[in-house]
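The residues making up each chain are set out below.
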Amino acid sequence: MDTTLLIAIALVVSIVAVLLVLVAIIIYQRWRIGDQNVFIERFIHQNEELREKMRKAGIV
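Calculation criteria
- Within each chain, residues carry numbers counting from 1 in the order of the written sequence.
- Local features in this predicted model are restricted to residues whose pLDDT is 70 or higher, and side-chain atom pairs enter the listing and the counts only when it is 80 or higher, whereas totals over whole chains, interfaces and linings include all residues.
- As a rule here, side-chain values cover all heavy atoms of the structure and leave hydrogens and water aside.
- Every helix listed is a DSSP run of H or I at least four residues long, and every strand listed is a run of E at least two residues long, numbered separately from the N terminus.
- Radius of gyration: over C-alpha atoms. The globule rule applied is 2.2 Å multiplied by the number of residues raised to the 0.38 power.
- A simple rule labels every residue: compare its accessible area, found with a 1.4 Å probe on the protein chains alone, to the largest value its type can have, and call it buried under 20%, exposed over 50%, or partly exposed in between.
- A helix's residues, less one, multiplied by 1.5 Å, set its expected span.
- Aromatic pairing here means that ring centres of Phe, Tyr or Trp (its six-membered ring) are within 6.5 Å. Orientation follows from the plane angle: under 30 degrees is stacked, over 60 is edge-to-face, and everything else is tilted.
- What makes a patch is a set of residues exposed beyond 30% relative accessible area and free of salt bridges, joined within 9 Å when like-charged and within 5 Å when nonpolar (Val, Leu, Ile, Met, Phe, Trp, Tyr).
- Surface accessibility follows the Shrake-Rupley procedure with a 1.4 Å probe radius. Residue values consider only the protein chains on display as shielding.
- Within this document, salt bridges are pairs made up of a side-chain nitrogen of Lys or Arg and a carboxyl oxygen of Asp or Glu, the two lying within 4 Å of each other.

Enquirer: Report on the overall build of the protein chain, specifying residues and quantitative values.
Expert: Assigned secondary structure in the protein chain consists of one helix and zero strands. The C-alpha atoms of the protein chain give 26 Å as radius of gyration, which overshoots the globular expectation for 60 residues (10 Å, by more than 25%). Dimensions of the protein chain, computed from the C-alpha atoms along their principal axes, are close to 85 × 10 × 5 Å. Put simply, the protein chain has 60 residues, and 0% of those count as buried.

Enquirer: Describe helix H1 (residues 3-57), and please don't skip the residues or the numbers.
Expert: Over its 55 residues, H1 runs 81 Å from end to end, which matches the ideal 81 Å to within 8%, given 1.5 Å per residue. Gly58 occupies a position one or two residues after H1 and carries a positive phi of about 80 degrees.

Enquirer: Tell me about the packing of aromatic side chains, and please be specific about residues and values.
Expert: Summed over all chains, the structure comprises one aromatic pair. With centroids separated by 5.8 Å and ring planes inclined at 40 degrees, the aromatic side chains of Tyr28 and Trp31 adopt a geometry described as tilted. Of this pair, Tyr28 and Trp31 are both found in helix H1, three residues apart, which corresponds to roughly one turn of the helix.

Enquirer: Can you explain a nonpolar patch on the surface? Please cite residues and give values.
Expert: Side chains of Leu11, Ile15, Val18, Leu19, Val21, Leu22 and Ile25 sit close together on the surface and give an oily, nonpolar patch of about 640 Å² of accessible area. Along the chain, Leu11 falls in helix H1.

Enquirer: Help me get a handle on the pattern of salt bridges, residues and values and all.
Expert: Taken as a whole and assessed by the stated rule, the structure comprises one salt bridge. A salt bridge links Glu52 to Arg55, with the nearest nitrogen and oxygen atoms 3.3 Å apart. Note that Glu52 and Arg55 are positioned in helix H1 at a spacing of three residues, about one turn of the helix. By relative accessible area, Glu52 is classed as partly exposed at 37%.

Geometric descriptors of this kind do not, in isolation, establish any biological role.
In structure tokens, the structure reads:
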């Protein structure tokens, strides 16, 4: 086979591998951010409940 063809194929394969790794990283980061958003949402909800209890008790 021609060496330029082998180099071209190796280059394409390496680019595809890098793109697949980048896509996997993006998917993983979106998953982690989604999990963190759940905890933040729960924290905010608890704060709102506590603030409402404080209002009812006349503290705030």
